[in-house]
Amino acid sequence: MKRHFSILLLLTFFVINAQENITYQKPSAEILALADYERAPSVSMDTKKEYMLLSYRNTYKSLNDLNQEDMRLGGLRINPITNISSTVTYINNLKIRKISDANEKQVTGLPSNARLTNISWSPDETKIAFTNTTNTGVELWYIDVASASAKKITTDNLNANLGSPYNWMKDNQTLLVKVLPKNRQALINEKKELPKGPTVSVSDGSKSQNRTYQDLLKNKNDEANFDALVTSELYKISLSGTLELFKSAAIYAGESISPDGNYVMLTTIQKPYSYIVPLSRFPQKSIVYDVSGKEIKVVNEVPLTEIMPKGFSSVRKGKRSMSWRADKPSSLVYVEALDEGDQAKKVDYRDEIFQWNAPFNTAATSMMKTQQRFDGILWGNDTFAIVYDSWYDTRNTKTYLVNPSSPNVTPKVISDRNSQDIYSDPGNFETKKNEFGAYVIATENNNAYLIGDGNTKDGQFPFIDEFNLKTLKTKRLYTSNTKDKKEDLLSIEDYKKGTVLVMIQSKNDYPNYYFRNIKSGKLSPITSFKNPFESIKNVYKEVIKYKRKDGVDLSGTLYLPAGYDKTKKEKLPLLIWAYPAEFKDKNSAGQNDKNPNEFTFPNYGSFVYWVTKGYAVLDDASFPIIGEGTTEPNDTFISQLVDDAEAAINAVDNLGYINRKKVAVGGHSYGAFMTANLLTHTNLFACGIARSGAYNRTLTPFGFQSEQRNYWDVPAIYNEMSPFMNADKMKTPLLLVHGDADNNPGTFTLQSERYFQALKNLGAPVRLVLLPKESHGYAAKENILHLLWEEDQFLEKYLKN
């Protein structure tokens, strides 16, 4: 007995000394000055560009914001007291400004201690609705735009557990609102309720390829609580607060009003539920009603979708992507797979697009068959629409000009390209609101318009093209050639006058909105947000281009400390931040989308802060993983990763700026996975920082990131790519960070915990920091500032000194 007691004391000693009794810390003054800033408001404009809404929120959440009641059911995270997602980010103030007037007006009548979200303009854009979350629930409010005054419509009895709890009706006076049922069932407290039996799941022998999902239902109590939390009654509520029951209690997962406002399509979740997939794959039924609530037609029924064919181009059977046709009063459009949703089957056509006119008494008619998987549609009018299809394995995407009224007319291919080839991107068709308030392709004199990012090998030059619908030829109307600035073309406001809404920024100029006249070149400012990061305005910034040893072009954004003498070339420690990306060809992999004139916005998602501490930083370094032809990118993941890293270090070293013995690498999520592999398989780095990653790929056996094959298809690749499986090789100092409430598929907090245990027991120098209450992305100010302190201390110890 005495011996056992001695062993217990020994174990207790080691457990205690394995942890640090640490409180929240703040980073050094240089980093804190950048991290603790005031966020500029977000901007929303009406389509006529008469008014703008300015939405203000705190720069960060607080730990107290994250410390709320939380039920995790069916892929949701719900606060059962307030009946809204526990992860929502709130706005705390609203202002309105006439765009022609520089003065902002404070919205009057807002609730005290405002926690606002779900903001939506009315169809005629004279009002703005929003929700406010109280301590006990969700209220509905609206703003009269002209007077900038707010008024409450409902009490805090709305159900926002499945997203926004309301939709504007077309009369601009009524909203369709999800309200908590009056006889809502009580929630089951699993800590108090004993189970009535075991949880049993079965397989019927069908094969599937389900990924690892978080926050799933686990038992009958979860099912009952899910029912209670997401069930709503539907009411029509006027702006004066008059209520009219529209539909009795059900789980309303989607409410869609026809363009003419005469019909409402309601999609409800049905049983049975699943314990292996989230609610988006539960059974669903879609029914169209008229505005009085009379049932018109059951338009779709989708069974439980637990079984799916392998591959990113595979889809479920049956009608999908059902929506209202934007250019018609009340016509539904949907798609059905012609290959049973299985990309492995060889067929001439993959999908068929159907149209179905209200009141749906006649059968739907075929509009078009696509050779690849349907990828979207933009409506014009009776005679033209734009259809997209794509195929993941080849990265091919095609764009078609079709006549929806003449299905026998062969669609015209107007673009056929590699979706990852950004240099060949023709841009996106500009849209405008039609008579129904729905967005359709904007046309003038039989011309449509394309706005493109304009990435080229020589830099970024955004453009506007005129596209003739008859000749299919384009004419360049405008190319942005701004020097030392980046101009984003957002929308065309006046086609005849040439007025365009743009956003302009530079390395030191915060992004602001302007009107650009593309005919005269005149620029008229709209906003004037100031740079909150003045302390780094003299930092050197450059996009550098270099090559991998196999000839693939790479790039990264290089930062050097303010005042750094590029002639004396003091040898600096280097920090590399990256995220691997998969490609099917070397040409696309080598293209550059980085712009040196993009505003320098330091945040916890990069190493840019440390340029103030005397480090060189290579941010967003290219780490392509390429698999050409029948080869998959991950077949040579490790070797390509190493080649990418060597090329990045060589590039900066060749410029003479760094001590290549003092290089660190870091990344978040898949970037953390990259970091752990680089420290395992190379001697290139002095240390590394890996945040919220997955390190054991056997825990994601049915695919991860862009990997479509499962573990049993290619066990050697899964094992080789898993840092956990190679933990005995990892001897380089590593800082592991993870949110202790990670909600991202595959990156369970357990991934970092188990990897840390393996490294610690194998004698590797490793530190694990679990951030309380944080999900996959970090939000609380206390946690973010402490994270920056941890990283700063780690880099000072293992890299700089």
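A quick note: this is a predicted structure, and the numbers were derived from the prediction, not measured. (Residues numbered from 1 in each chain as written. Predicted model: local features only at pLDDT ≥ 70, side-chain atom pairs only at ≥ 80, totals over all residues. Heavy atoms only, no water.)

Enquirer: Any details on the overall build of the protein? Residues and values, ideally.
Expert: Per the secondary structure count, the protein includes 10 helices and 50 strands. Relative to the globule expectation of 28 Å for 801 residues, the C-alpha radius of gyration of the protein, 28 Å, shows essentially globular dimensions. If you line up the protein on its principal axes, its C-alpha atoms span 75 × 75 × 60 Å. In the protein, of all internal contacts separated by at least 6 residues, the share reaching a separation of at least 24 is 58%. Element-wise, carbon and sulfur atoms account for 49% of the exposed surface of the protein, whose accessible area totals about 36,200 Å². (Helix = DSSP H or I, 4+ residues; strand = E, 2+ residues; numbered from the N terminus. Rg over C-alpha atoms; globule rule 2.2 N^0.38 Å. Contact = heavy atoms within 4.5 Å. Areas by Shrake-Rupley, 256 points an atom, 1.4 Å probe, with all protein chains shown as cover.)

Enquirer: Can you tell me about the pattern of salt bridges, naming the residues and giving the values?
Expert: Inspection of every chain in the model, using the stated rule, returns 40 salt bridges. Residues E340 and K345 are paired through a salt bridge, measuring 2.0 Å at the closest nitrogen-oxygen approach. Judged by its relative accessible area of 42%, E340 falls in the partly exposed class. Overall, K345 belongs to the partly exposed group, its relative accessible area being 35%. (Salt bridge = Lys/Arg side-chain N within 4 Å of Asp/Glu carboxyl O. Buried < 20%, exposed > 50% of the residue type's maximum accessible area, 1.4 Å probe, protein only.)

Enquirer: Can you tell me about the sheet that holds strand 41 (residues 540-547), naming the residues and giving the values?
Expert: Strands sit in the order 41-42-45-43-47-48-49-50 across an open sheet of 8 strands; the sheet is mixed. Where the open sheet ends on each side, the last strands, each with one partner, are strand 41 and strand 50 (766-771). Looking at each pair of strands side by side, their axes are set apart by 20 degrees on average, direction ignored. Inspection of the sheet shows strand 43 (residues 572-578) paired to strand 45 (residues 616-621) by 4 bridges, in the parallel sense. Bridging across to strand 45, A578 finds its partner in A621. (Pairing = 2+ DSSP bridges. Axes fitted to C-alpha atoms, helices over the stretch in contact; angles between N-to-C directions.)

Enquirer: Describe the pairing of strand 50, naming the residues involved and giving the relevant values.
Expert: Sheet topology places strand 49 (residues 734-739) next to strand 50; 6 bridges connect them, and they run parallel. Its bridge partner being in strand 50, L734 is matched across the sheet by V766. Following the backbone out of strand 49, through helix 9 (residues 749-761) and into the adjacent parallel strand 50, one traces a crossover that is right-handed. (Right-handed = clockwise from strand over helix to strand, strands pointing away.)

Enquirer: Can you explain empty space enclosed by the protein? Please cite residues and give values.
Expert: Scanning the entire structure with this criterion turns up 3 cavities of 30 Å³ or more. Within this model, the largest cavity holds a volume of roughly 50 Å³. As for the largest cavity, its lining consists of K507, N508, N531, F533, I536, K537, V539, K541, Y559, F599 and T600. In terms of residue class, the lining of the largest cavity is built from 5 nonpolar, 3 polar and 3 charged. Reported here for the second largest cavity is a volume of approximately 40 Å³. Around the second largest cavity, the lining residues are R395, E582, E632, P633, N634, S706 and E707. Of the residues contributing to the lining of the second largest cavity, the split by class is 1 nonpolar, 2 polar and 4 charged. (1 Å grid on protein atoms, 1.4 Å probe; cavity = no way out; pocket = protein on both sides within 12 Å on 5 of 7 lines; lining within 4 Å. Points joined across faces, edges and corners; volume = space filled by probe spheres on them. Nonpolar A, V, L, I, M, F, W, Y, C, P; charged D, E, K, R; others polar.)

Enquirer: Hey, could you go over helix 4 (residues 220-230) for me, with residue numbers and the actual values?
Expert: Note that an α-helix has 3.6 residues per turn; residues three or four places apart therefore point the same way. Of all 11 residues in helix 4, 10 are buried, a share of seventy percent or more. Among the residues making up helix 4, those that are buried are N221, D222, E223, A224, N225, F226, D227, A228, L229 and V230. For helix 4, the elements touching its buried residues are strand 3 (71-73), strand 4 (76-79), strand 14 (232-238), strand 15 (243-250) and strand 16 (252-257). Capping the start of helix 4 is the job of one residue whose side-chain oxygen sits 3.1 Å from the backbone nitrogen of N221: N219. (Polar contact = N/O pair within 3.5 Å; in protein donor to acceptor, adjacent residues only side chain to side chain.)

Enquirer: Outline the nonpolar core, listing residues and values.
Expert: Y546, I576, L618, F623, F685, L734 and Y755 are the most contacted members of the largest nonpolar core, which has 60 residues in total. When neighbours within four sequence positions are excluded, L734 is seen to be in contact with T675, L679, G688, I689, A690, Y755, L759, P765, V766, R767 and F794. Core analysis: the second largest hydrophobic core is formed by 49 residues, L501, Y513, F515 and L787 among them. (Core = buried A, V, L, I, M, F, W, Y, C linked by side-chain atoms within 4.5 Å.)

Enquirer: Could you give an account of the pairing of strand 10 (residues 138-144), naming the residues involved and the relevant values?
Expert: When a strand is regular, its side chains alternate between the sheet's two faces. With respect to burial, strand 10 is a largely interior element, 6 of its 7 residues being buried. Here strand 9 (residues 127-133) runs beside strand 10; their pairing, made up of 7 bridges, is antiparallel. Bridge pairing in strand 10 places K127 opposite D144. Taking the residues between adjacent antiparallel strands as the criterion, strand 9 and strand 10 are bridged by 4 residues. The hairpin formed by strand 10 and strand 11 (residues 149-152) contains 4 residues between the paired strands, and A148 there has a positive phi angle of roughly 55 degrees.

Enquirer: So what's going on with the sheet that holds strand 39 (residues 512-517)? Which residues, and what values?
Expert: Sheet strands pair by backbone hydrogen bonding; their relative direction is either parallel or antiparallel. The 4 strands lie next to each other as 37-38-39-40, forming an open sheet whose pairing is antiparallel. Both edges of this open sheet fall to strand 37 (486-494) and strand 40 (523-525), since each of them pairs with a single strand only. For this sheet the average axis-to-axis angle between neighbouring strands, irrespective of direction, equals 30 degrees. Where strand 38 (residues 499-505) and strand 39 come together, 6 bridges link them in antiparallel fashion. Across the sheet, L501 pairs through a bridge with F515, a residue of strand 39.

Enquirer: So, the packing of aromatic side chains: which residues are in play, and what are the values?
Expert: According to the stated counting rule, one finds 37 aromatic pairs in the structure shown. On the basis of an interplanar angle of 90 degrees and a centroid distance of 5.9 Å, the ring pair of F599 and F601 is categorised as edge-to-face. With centroids separated by 5.0 Å and ring planes inclined at 50 degrees, the aromatic side chains of F794 and Y798 adopt a geometry described as tilted. Of this pair, F794 and Y798 both sit in helix 10 (residues 781-800), separated by 4 residues, roughly a single helical turn. The partly exposed category is assigned to Y798, whose relative accessible area is 30%. Taken together, the ring pairs connect Y579, F637, Y670, F673, F702, F704, Y711, W712 and Y718 into an aromatic cluster. One cation-aromatic arrangement involves R476 over F463; the distance from NZ or CZ to the ring centre is 4.1 Å. (Phe/Tyr/Trp six-rings, centres within 6.5 Å; stacked < 30°, edge-to-face > 60°. Lys NZ or Arg CZ within 6 Å of the ring centre and 35° of its normal.)

Enquirer: If you had to explain the environment of Q214 to someone new, which residues and values would you point to?
Expert: Structurally, the position occupied by Q214 is in the loop between strand 13 (174-179) and helix 4. Here the alpha-carbon distance between Q214 and I276, two residues 62 residues apart in the chain, equals 9.4 Å. Discounting chain neighbours no more than four positions away, the residues touching Q214 are G75, D742, N743, N744, P745, T747 and F748. There is a polar contact of 3.0 Å between the side chain of Q214 and the backbone oxygen of D742.

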